[in-house]
Structures are given as C-alpha cells and as structure tokens.
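# Architecture at a glance
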Amino acid sequence: MRRTVIFHPFFISIAPALALYALNALKLRIMDALPTIVFIPVITLGIWLLINKAIKHPRKSGALVSIYSALFFSFGIFPVMVSLANGFFHVDLAPWIYGNFILNSLILLAIWCLLFYIVWVVTVRSHSDFHLLTRFLNVVSVVLIATTGYQALRNFSIYHRISQLDLGVSIDQLDSSASLSSFPAINTSLPDIYYIILDGHGRSDIHREFFSYDDSNFIAELQQLGFYVAGESFANYGLTHLSLASSLNMVYLDEIIQQIGADTISYAPMDSLIQNNTTAEYLQNIGYTNVVFASEFSPDAPRPADIFISPPGILNAYQIELVNMTPLRIPLYKSLYDAHRAKIQYTFAKLPEIASNDQPTFTFVHILAPHPPFVFDANGNGVNPTREYNISDGSHFTDVLGKDEYTQGYLEQVQYIDKQTIILVKEILAKSDQAPIIILQGDHGPGSMFDFENLEKSFLPERMAILNAYYFPGQDNSQLYPAITPVNSFRLIMKQFLHAPLTLLPDETFYCTKIQPYNLIKITDRLR
C-alpha cells in the first residue's frame, strides 16, 4: 500500500488564523497577522510529537491534532450562535452568555473538555489504520487552505493596491500659495509640538447633559494653565480612521474619496494617509524629530517616525481577536484588560520625558480612552469587565451590553482620564525649556447614542462634539475660535508659528457608516 503523507494537522491548524486575516485583510496590515500565522505550525508540530510519543501512531496522533485544532479555534463560535438565535429565532440568550462571562465560559469549557476526552478515547481505542480518514482530512485541509488562502490573497492584494495609491497630500497642495519654496526661513528655535488624541473624549456640554458629569474644574484648570478650550468644536468625521487621516493631512477627504471610489470598504487608504501624513513629513523636513506612541489602533505608526515608543508584550488587535476564538480567552481576558490599562498608564507616565529631548519634537499620541473598554473608575482603580476583551464602541457596544453600562463606564473613565491629563500637561510644561505647542483633542465624542449603520438612529451631537484644547507659546490665542475643528488645527499652527501661507477651511462635519466609510453625508447644519 502506498504511504500516505500526513500534512492535514498543519493546514487545519493554520486555517482559522488565515480565515480571520482574510476576513479583516481590508483593514489589517499583513505584518499584524503573519508572525502569528507562521508560529502556529511550530506549536502544532510540538503538540503532534507529544501526542505521537504517547500513543505511537502517526496517523491517529495526526487526526487528534486536527480535530483538537478545530475544536480549539471553534470555542469562540458560541457567541455567534447566540447572535444567530437572537436574529432568527428571537430567543434572547444574550443575558445568559454576557451576564456572567466566567461562569458561562467555564460551563462551555467543561463541554469542550468532554468533547476532547471523547475524541481521545474513540481515536485511541479504534482498530482502524486511519489511512482513509487521513486521506479525507488531507483533502479537507487542502480545501480549507485553498478557500481561505484565496480570499486572504485577494483581500491583501486589494489592500496593497489601494495603500500604494499616491494619496499623499503634499504641503504644496494644501493651498495655491503654499509651496515649500515660498515659506520664509524660520530663524527662531522650533517649539516642541504634542498632538494628544484622547479617543472618544466629548465636549463639556455633552458631559453635563447626558453623563451627569460637570467637568468645569477640568476645563478651568486647563484655562489656568494657558489653554484655549474651543467650546463649540465638533469632529470632522465620526470614525477614527477618517478623523485622523483628515486632521494629520489638514484636508477634507472628498478628493481622495473620488480617487478610490465611494463604494470602497477598505480602510487601507486612511491607513496610508495616517502613516504618511503631511504634518509629520513636513515637520521632519524642517528639523523636527517625529515621536509616536503605540496604541491598539494599528495605523498609529507613521512611517516618518524617528522614535516609536511601545510598552513590551502587548498583543495587537488581530492576536486579541484570535485569542477570543479559543479557550485562552478565559484565563487571558483579565490579562488583556490589565495590559490595556497598563498601556494607558505607561503613555501618561512616559510622555513627559519627551520634553528632555535636545531636538525639537513632534509627538503624536493616541490614547484609547475614555473610549471603551472601560477599565478605570473615577479614581484610577482598575475595573475588569466580566466579558471577553473587546474595544467595541457605539452601537456595537450598546446593542449587546446596553446604553446604561456604556454611560456609567464612560462617566467613571473620563473623570480619571481628565485628572491624568492635567497631571500630564503640568509635567510637560514643567520639563520644557521652551514653551511647547500642545493639542488635546477627541477624534470623536462618546457613542452611547451612536449607531454605526443608521444616521437617523444616532444622536449626532454626542458623537461629534469633542474636547479641543490648545496651548500656544506666549498664550497667543488670537487666531483660535470656539468652533475650530481638527482639520484646521495644524493649518493654524503652520500659519501662526511656522509662517506657512495656509488658509483655514470651512468647519464641516460628516457622518458615514462603518461598512461604507466613504459614503459621506454632510451633517454640519444638523449640529449648528
């Protein structure tokens, strides 16, 4: 009998990770997933060798590894089944699955362990030579790899093609008179610039009205330190990708969307604009050192960055999603929340050290708070949500867990973030030899009443009204105004401090859905 080559354990173990990448390839960089996909076969080989050593039967041990891989990566499918039950049978099981994550996950784990045991007993005691099953599993594995691999390559090629489009906005394109050669020489020393994004940080009036949070002390402290707080500011876009792509390139996205098409669903164009943004590139060209702090928002690593600061041992968004597909989400869920909390604290602690750099610096910091997950109470004590790790916002949060949980979690976390922000800016100012430029800005507001897929179900002022505060050297705030929006932040700074002949744009706001991010609806008039 011709010997059957056993390769299905490797293909079947890789398939779920490859499928997850394929599903997210239009918004995910390949290097976020590739190391994990490559590492999985190594683990698979080790487990296969251990099982084969125990039962001394390569085909049986190979079958066990493949079946165990399928069970291992299907553990997270139960919440999907819950969603299907909700949708098709109108059976509301969500309170059971989300009500006590640990207890319910342990019950589910016990069922999975029983399945593991039954598979082991049946396989080990079987008198079959497993030739037929091996061939079958080989065929199945090839089909799995072929289908998921094709989809992954297809979506990767789309992402790569779009990300390679020449979408970059040069400083020359920002204004008809704004060419680099026309900029006057800068004879004075350059101030450090800090662009600090507090993700999801809303405006004071929204806090008071909808979260029962009077942040007047926070605003007053900022003003006493010399900040100008734009009390009528709105975000230009309600999604982080679009908001940062716009503010860092000092443009609205209309012309770029005309190039890529409004029906495009990939976030690759926005990733490219963030990573190769006009502001960082220009500042680097005139002598700035570009500093970027890592966050869980994957495009936050602009390629012009000279210094990239990241705490060690943090999983990326793809790896977290993969963990949530497996039983590892039970022991690791608390560790993931702890790591998220530690990253925020690390950023607050490390950021003031940039002021000691001898060169002028442009520092971009994206703090994923007060945005969910809500991991701090008002005093900074740790809070661990009793569910799998998730950073969902808006309707993706409230449809599962309810508006009340969002409101309470945001209320607690924003108070802590505000306290830390005051400490942060005081330390930056104290350590700076020369007065810096500091922008404190929400990329958008909170999302307790924001629907990612339905404009009419969204309460727009909550999502679009943002914190937008500026500290300028000499406290010369004469050109700032209450309704300034992020698209004009760096236009004004370039004009006032770097003598760039740039004009300010009209302050506009746009809504888009998560699945059609470039089908923009202008909502400025609804907000005024």
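Residues numbered from 1 in each chain as written. Predicted model: local features only at pLDDT ≥ 70, side-chain atom pairs only at ≥ 80, totals over all residues. Heavy atoms only, no water.

### Looking at the nonpolar core
Spelled out, the test is: Nine residue types can take part in a nonpolar core, namely buried Ala, Val, Leu, Ile, Met, Phe, Trp, Tyr and Cys, and a core is a set of them joined through side-chain atoms within 4.5 Å. Each residue is assigned to one of three classes by its accessible area relative to the maximum for its type, calculated with a 1.4 Å probe on protein chains only: buried under 20%, partly exposed between the two thresholds, exposed over 50%. The helix and strand labels rest on DSSP assignments: H or I over at least four residues marks a helix, E over at least two residues marks a strand, and numbering proceeds from the N terminus. Contact definition: two residues touch when any of their heavy atoms are within 4.5 Å.
Counting residues in each nonpolar core, the largest one holds 68 residues, and the members touching the most others are Leu253 and Phe362. Counting residues per element, this core draws most heavily on helix 19 (residues 489-497), which supplies five residues. Apart from residues lying up to four places away in sequence, Phe362 is in contact with Ile193, Tyr195, Leu248, Thr279, Ala280, Leu283, Tyr288, Thr289, Asn290, Val291 and Phe490. Phe376, Ile422, Val425 and Leu467 belong to the second largest nonpolar core, which has 39 residues in total.

### A short note on the environment of Asp338
Along the chain, the position of Asp338 falls in helix 15 (residues 329-350). Distance from Asp338 to Gly382, taken between C-alpha atoms, is 8.0 Å for residues 44 residues apart in sequence.

### Things to note about the environment of His371
Here His371 shows up in the loop between strand 5 (361-367) and helix 16 (394-401). Among the residues examined, His371 registers a relative accessible area of 9% and is labelled buried. Sequence separation of His371 and Tyr410 is 39 residues, and the distance between their C-alpha atoms is 7.3 Å. Contacts of His371, omitting those with residues within four sequence positions, involve Asp199, Ile391, Asp393, Gln413 and His444.

### As for unusual backbone geometry
With an omega of 15°, the peptide bond running from Ala369 to Pro370 counts as cis. Positionally, Pro370 belongs in the loop between strand 5 and helix 16. Note the cis peptide between Pro372 and Pro373, where omega equals 5°. Note on placement: Pro373 falls in the loop between strand 5 and helix 16. In the Ramachandran plot, Phe130 falls in the positive-phi region, its phi being about 65° despite a non-glycine side chain.

### Re the pattern of salt bridges
Using the following cut-off: Salt bridge criterion: a side-chain nitrogen from Lys or Arg within 4 Å of a carboxyl oxygen from Asp or Glu.
One pass over the full model with this rule turns up eight salt bridges. In this structure, Glu353 engages Lys350 in a salt bridge whose closest nitrogen and oxygen atoms are separated by 3.4 Å. Overall, Glu353 belongs to the partly exposed group, its relative accessible area being 40%. Notably, a salt bridge pairs Glu456 with Arg526, separated by 3.5 Å at the nearest N-O pair.

### Side note on the packing of aromatic side chains
The criterion, for reference: When two rings of Phe, Tyr or Trp (its six-membered ring) have centres within 6.5 Å they constitute a pair, described as stacked for plane angles under 30 degrees, edge-to-face for angles over 60, and tilted for the intermediate range. Only Lys NZ and Arg CZ are tested; either one counts as a charge over a ring when it is within 6 Å of the ring centre and within 35 degrees of the ring normal.
Under the definition given, this model contains 24 aromatic pairs. Judged by centre distance (5.2 Å) and plane angle (90°), the ring pair of Phe397 and Tyr406 falls under edge-to-face. With a relative accessible area of 1%, Tyr406 lands in the buried category. In this structure, Arg203 is placed above the aromatic ring of Phe234, and the distance from its NZ or CZ to the ring centre is 4.7 Å. A cation over a ring is seen here: Arg463 above Phe450, with NZ or CZ 4.5 Å from the ring centre.

### Concerning the pairing of strand 5
The cut-off we apply is this: Two strands are counted as paired when DSSP detects at least two bridges linking them.
The buried count for strand 5 comes to seven of seven residues, which makes it a mostly enclosed element. Relative to strand 5, strand 1 (residues 193-198) is paired through six bridges, and the arrangement is parallel. Bridge pairing in strand 5 links Leu198 to Ile367. Where strand 3 (residues 289-293) and strand 5 come together, four bridges link them in parallel fashion. Directly across from Asn290, in strand 5, lies its bridge partner Phe362.

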